[in-house]
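A look at the structure
Spelled out, the chains give:
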Amino acid sequence: MSQRRILLSSPHMGGTEKKYVDEAFDTNWIAPLGNNVDQFEASVKNFTGIEAACALSSGTSAIHLALDLLDVGVGDIVLCSSLTFVASANPILYLGGTPVFIDSEIDSWNMCPKSLEKALKYYRMQGKQPKAVVVVNLYGQSARMDQIVEICNRFDVPIIEDAAESLGAKYRGRMSGTFGKFGVYSFNGNKIITTSGGGMLISDDTVSISKALHKATQSKEAAKHYQHEKVGYNYRLSNVCAGIGRGQMEVLEERIEQKRRIFDKYVAGLQDVPGISFMPEIEGSFHTRWLSTLTLDPGKLGVTAEGLVDYLADHNIEARPVWKPLHMQPLFKECEYFTEGQDHSRYLFEHGICLPSDTKMTDEEINRVINLVKARILTHKLLA
Ligand SMILES: *Cc1c(COP(=O)(O)O)cnc(C)c1O
């Protein structure tokens, strides 16, 4: 085990982050808010073309605030992609809402527009109006937002776009995260850029973002004494962390290129192996390839995704299964789930794998992963 550990996706500093962090120290703006926060928000606005942005302590807090601003309360239905990290749906529970899960389509791995429409029709027949739809953009690719926006408009349900994994992705030329009423980014340590921990809530509705900012600072009213009329949270990003974010925004485009290059190398090395299918980049979509993901056809390969993850772990390489769908999680076992026949999200979980996509990997390390994947598959074939 002499070789360096290969990670799934680890923080990758560009070099200017420290300068901005030092700025916070030099001006003693260690407290939340300050120039780094303003500049970080400005750079995200500039990059995405959105009107308003509010830097927060996490992507999860951004989803929580968005749901709160859409007035989600006890018993309210919120539709949500099933194939995602738990943070997409946990905030629905914070507010006492009822999550309802929607299957993925097999092409984009993201929310299936047909299953979404089926759910919305079902609730309309029941005389129930869902309060929001949380659409997740997995692994660096936008969902089919043109169709999803059209359906949600027709049923008059606002969209929260969970773009935690898709900063920099585009769909039909438009930035991922800017399609819904609200968009959410995460700057957690494993995301394409990081602030060590952080998130952002964005919207073209400046009034709503002002409200978010108010709620994120304990709903403190403008008064010399501490005056509070509504419930609030302590959700703002620290000015120190925002300094990291400012520096990271300067290398975002470079990181996207690196991520896409890693993916291309995997494709070149593995596409001839029958039974391996890479996550498709759907028409009109620009995929950042935050994580390089693929499915293994067990009928053709005889090796499971789980088996391959374990095998790579034995070689000091971090790979992961695809997200376990939320409708399969004990936490959500009472929740409804809408699908069009086949359960695609279950299939993607059972057969999908995320290969190491760390932008600090060398070409030799990428080749090492490719050769090990091939070796594992070949060994199994020989034994079979
Ligand atoms: C990372 C992630 C989040 C949560 O972001 P945090 O900043 O970790 O709170 C939400 N949704 C998805 C899909 C994520 O991958």
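Residues numbered from 1 in each chain as written. Predicted model: local features only at pLDDT ≥ 70, side-chain atom pairs only at ≥ 80, totals over all residues. Heavy atoms only, no water.

As annotated in an unreviewed UniProt entry, the chain carries the name DegT/DnrJ/EryC1/StrS family aminotransferase and is attributed to Salinicoccus sesuvii.

**Re the packing of aromatic side chains**
Following the criterion strictly, the structure yields 12 aromatic pairs and no others. Grouped by ring-pair contacts, the aromatic residues Phe85, Trp109, Tyr139, Trp290 and Trp323 constitute a single cluster. Over the aromatic face of Tyr311 sits the side chain of Arg376, whose NZ or CZ is 5.8 Å from the ring centroid. (Phe/Tyr/Trp six-rings, centres within 6.5 Å; stacked < 30°, edge-to-face > 60°. Lys NZ or Arg CZ within 6 Å of the ring centre and 35° of its normal.)

**What about the pattern of salt bridges?**
With the rule as written, the count across this model stands at 20 salt bridges. Put simply, Glu117 and Lys121 hold a salt bridge, and the shortest N to O gap is 3.7 Å. With Glu117 and Lys121 both in helix 5 (residues 113-125), this residue pair falls four residues apart, about one helical turn. Given the relative accessible area of 47%, Lys121 is considered partly exposed. Two residues, Lys360 and Asp358, come together in a salt bridge whose shortest N-O distance is 3.6 Å. You can call Lys360 partly exposed: its relative accessible area is 33%. Overlapping salt bridges bring together Glu117, Lys121, Glu150 and Arg154 as one network. (Salt bridge = Lys/Arg side-chain N within 4 Å of Asp/Glu carboxyl O. Helix = DSSP H or I, 4+ residues; strand = E, 2+ residues; numbered from the N terminus. Buried < 20%, exposed > 50% of the residue type's maximum accessible area, 1.4 Å probe, protein only.)

**Regarding the domain arrangement of the chain**
For the chain, the assigned domains are domain 1 (17-249) and domain 2 (252-383). In this structure, domain 1 and domain 2 have C-alpha centres spaced 26 Å apart. Of the residues lining the interface, 47 residues belong to domain 1; the matching set on domain 2 comes to 43 residues. Summed over both partners, the interface of domain 1 with domain 2 comes to about 4000 Å²; 67% of that surface belongs to carbon and sulfur atoms. (Domains from an automatic or database assignment. Contact = heavy atoms within 4.5 Å. Buried area = accessible area lost by both parts, 1.4 Å probe.)

**Topic: the nonpolar core**
In this structure, Phe40, Leu67, Tyr139, Met200 and Leu201 are the most contacted members of the largest nonpolar core, which totals 64 residues. Structurally, this core is a two-domain feature, drawing no fewer than three residues from each of domain 1 (17-249) and domain 2 (252-383). With residues up to four places along the chain from it excluded, the contact list for Met200 reads Phe40, Glu41, Val44, Ala53, Cys54, Ala55, Leu56, Ala62, Gly183, Val184, Tyr185 and Phe187. (Core = buried A, V, L, I, M, F, W, Y, C linked by side-chain atoms within 4.5 Å.)

**With respect to unusual backbone geometry**
For Trp109, which is not glycine, the phi dihedral falls at a positive 70 degrees. By the element assignment, Trp109 lies in the loop between strand 3 (98-102) and helix 5. Looking at Trp109, the relative accessible area reads 2%, which means it is buried.

**Comments concerning the sheet that holds strand 12 (residues 292-296)**
Sheet architecture is open: four strands sit in the order 10-12-15-13, paired in antiparallel fashion. The strands lining the two open edges of the sheet, one partner per strand, are strand 10 (276-278) and strand 13 (320-321). Here strand 10 pairs with strand 12 via three bridges, running antiparallel. For Ser277, the partnering residue across the bridge sits in strand 12 and is Thr295. The strands touched by helix 9 (residues 252-270) within the sheet are strand 10, strand 12 and strand 15 (352-355), with strand 10 carrying the most contacts at an inclination of about 155 degrees. (Pairing = 2+ DSSP bridges. Axes fitted to C-alpha atoms, helices over the stretch in contact; angles between N-to-C directions.)

**Observations concerning the sheet that holds strand 2 (residues 77-81)**
By definition, the strands of a sheet pair up through backbone hydrogen bonds, in either a parallel or an antiparallel sense. As summarised here, the arrangement of the eight strands in space is 1-9-8-5-4-2-3-14, forming an open sheet in which the pairing is mixed. At either margin of the open sheet sits one strand with a lone partner, and together these are strand 1 (52-56) and strand 14 (337-338). Strand direction decides the pairing type here: strand 5 (residues 159-162) and strand 8 (residues 182-186), joined by three bridges, are parallel. In the strand pairing of strand 8, Glu161 is matched with Gly183.

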